[in-house]
Amino acid sequence: MKLTMAAKTPAQWKTLFENEPFHRENYYTGPLGPDYTPGGTCLRLWAPTAEAVTVTLYHKGDGGAVLGTKPLVRGAQGVWSVWLPGEQHGRYYTFAVTVNGITRETGDPYARAAGVNGVRSMIVDLARTAPSGWERDVRPAIPPAQRAVWEVSVRDFSQDAASGVRPAWRGKYMAFTQQGTTLHGDGIHPTCLNYLKRLGVTHVQLQPIFDFATVDEVSGEDYNWGYDPQNYNVPDGSYATDPYKPDVRIREFKQMVQALHKAGIRVVLDVVYNHTFNTAESNFERTVPGYFYRQAPDGGFADASACGNETASDRPMMRKYMVESVLHWINEYHIDGFRFDLMGIHDIETMNEIRKAATAVDPTIFIYGEGWAASAPPLAQ
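What you see is a predicted model; the values in this text were computed from it and never measured. (Residues numbered from 1 in each chain as written. Predicted model: local features only at pLDDT ≥ 70, side-chain atom pairs only at ≥ 80, totals over all residues. Heavy atoms only, no water.)

(A) Broad picture of the sheet that holds strand S16 (residues 366-369). What the five strands build is an open sheet, ordered S10-S11-S14-S15-S16; its pairing is parallel. One side of each edge strand has no neighbouring strand; the edge strands of this open sheet are strand S10 (149-152) and S16. Taking the axes of each pair of neighbouring strands and ignoring which way they run, one obtains an average angle of 20° across the sheet. Where S10 meets strand S11 (residues 203-206), four bridges bridge the pair, whose relative direction is parallel. Bridge pairing links glutamate 151 to glutamine 205 in S11. Set on the sheet, helix H8 (residues 348-361) makes contact with strand S15 (337-340) and S16; between it and S16 the angle comes to about 160°. (Pairing = 2+ DSSP bridges. Helix = DSSP H or I, 4+ residues; strand = E, 2+ residues; numbered from the N terminus. Axes fitted to C-alpha atoms, helices over the stretch in contact; angles between N-to-C directions. Contact = heavy atoms within 4.5 Å.)

Okay, structure coming up:
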């Protein structure tokens, strides 16, 4: 299907995106995002409706001078790519995507690292982020009948000074690694990891930890539980000891998982693939306007999440995104399970594909969720 670049109404975009020839000609099965090697990195972005795509490179995650811009070349299945020669670990970037004559700057939806507050994506050599002994980290063996799930916010777990956690680690991933903490340091009443072990908890369900939008990672003054997704494949920097260094948040997250596993506790992520914080400024919408969100008959955004939008898991490239994102957390971070927020918004085929992909890695990976939407969908699914 040849894409015409004439301006379209939302209803016309909906018709295009739900047309079988569009999916047949634009469904891409290969890797997306940064493909890092020491000799160079290939950036790939799926943007089938784009007229042009360029990448802007930066030395810093915020501010600082522009290092340069490069055009991406369009290939098959709507994928744009560019080769950046040489060592690129630590290089920050954003894309400029032009659709219908309008150019929007965006982070990479497929990025696995990001600068402070998630605006700029970063190329990362994930091998450098492994803590000592990470290759020996294993999932604790826990029979299904013995599961005891304990839900917590990373911040709430240790933020209070009474937790006994060292000040620099309070409210951070690293608080889960500190041994022997007690209430006010009294040596009697266990807190944090020490407390979880005494309770006999087998699974810690972390409220959302992927990069979310409305908490300033630097000031620490804002607060919420993280149900406002921004970068799905990047740990949030507000829980890291240094939000300016993307490799720090990745390594500290892995150290948290490692410590919980050593304590005989599995780790479950609360994932919010059903909506993004907003629509117009999301990486999805700025890359392929309209595609990643479910649309009502008039082309407007559906809102079964009651957050202003809902993602279209039934569209093939959103389904692919969700499956690969879950696999990223399983393979790179050794995550043991997923609790899906408003799982009823997602179509059954996507959830079955996620279950199949997780089982192929480890059948004991735990998947569950809310079997409902926040409000009635505006159209039959």
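(B) Up close: the pairing of strand S8 (residues 102-106). Note that strand S7 (residues 92-99) and S8 share five bridges and pair antiparallel. Bridging across to S8, valine 99 finds its partner in isoleucine 102. The antiparallel hairpin formed by S7 and S8 contains two residues in its connecting segment, where asparagine 100 sits at a positive phi of about 55°.

(C) Expanded view of the side chain of threonine 311. Topologically, threonine 311 is positioned in the loop between helix H6 (283-287) and helix H7 (316-333). One polar contact links the side chain of threonine 311 to the main-chain carbonyl oxygen of tyrosine 273, over a distance of 2.5 Å. In this view, threonine 311 contacts Tyr273, Asn274, His275, Phe292, Tyr293, Arg294, Met318, Ile345 and His346; residues no more than four positions away in its chain are not counted. (Polar contact = N/O pair within 3.5 Å; in protein donor to acceptor, adjacent residues only side chain to side chain.)

(D) Fine view of the pairing of S7. Judged by how many residues are buried, S7 sits mostly within the fold: eight of eight residues are covered. When strand S3 (residues 52-58) meets S7, the two strands line up antiparallel, connected through seven bridges. The residue of S7 that forms the bridge with leucine 57 is tyrosine 93. Where S7 and strand S9 (residues 121-122) come together, two bridges link them in antiparallel fashion. When the bridges of S9 are listed, tyrosine 92 appears paired with methionine 122. (Buried < 20%, exposed > 50% of the residue type's maximum accessible area, 1.4 Å probe, protein only.)

(E) Highlighting H7. Taking 1.5 Å of rise per residue, 18 residues should cover 26 Å, and H7 covers 25 Å from first to last C-alpha, within 8% of that figure. Counting buried positions along H7 gives 14 out of 18 residues, so the element sits mostly inside the fold. (Expected span 1.5 Å × (residues − 1).)

(F) Geometry of the packing of aromatic side chains. Within the structure shown, the criterion is met by 27 aromatic pairs. The interplanar angle of 65° and the centroid separation of 5.5 Å between the aromatic rings of phenylalanine 17 and phenylalanine 22 together place this pair among those described as edge-to-face. With respect to class, phenylalanine 17 is no different from phenylalanine 22; both count as buried. Measuring from ring centre to ring centre gives 5.1 Å for phenylalanine 253 and tyrosine 333, while their planes differ by 85°; the resulting arrangement is edge-to-face. Here phenylalanine 253, found in helix H5 (residues 246-262), pairs with tyrosine 333, found in helix H7; they are 80 residues apart in sequence, far enough to count as distant. For phenylalanine 253, a relative accessible area of 0% gives the class buried. According to the relative accessible area criterion, tyrosine 333 is buried, its value standing at 0%. (Phe/Tyr/Trp six-rings, centres within 6.5 Å; stacked < 30°, edge-to-face > 60°.)

(G) Molecular detail of helix H1 (residues 10-17). For H1, the complete set of buried residues consists of Trp13, Lys14, Leu16 and Phe17. When H1 is viewed along its axis, its buried side chains cluster within an angular range of 160° and face the same direction. Packing partners of the buried residues in H1 comprise helix H2 (20-26) and S7. (Arc of directions from axis to C-beta.)

Note that every value here comes from positions in space, so none of it alone points to a role or purpose.
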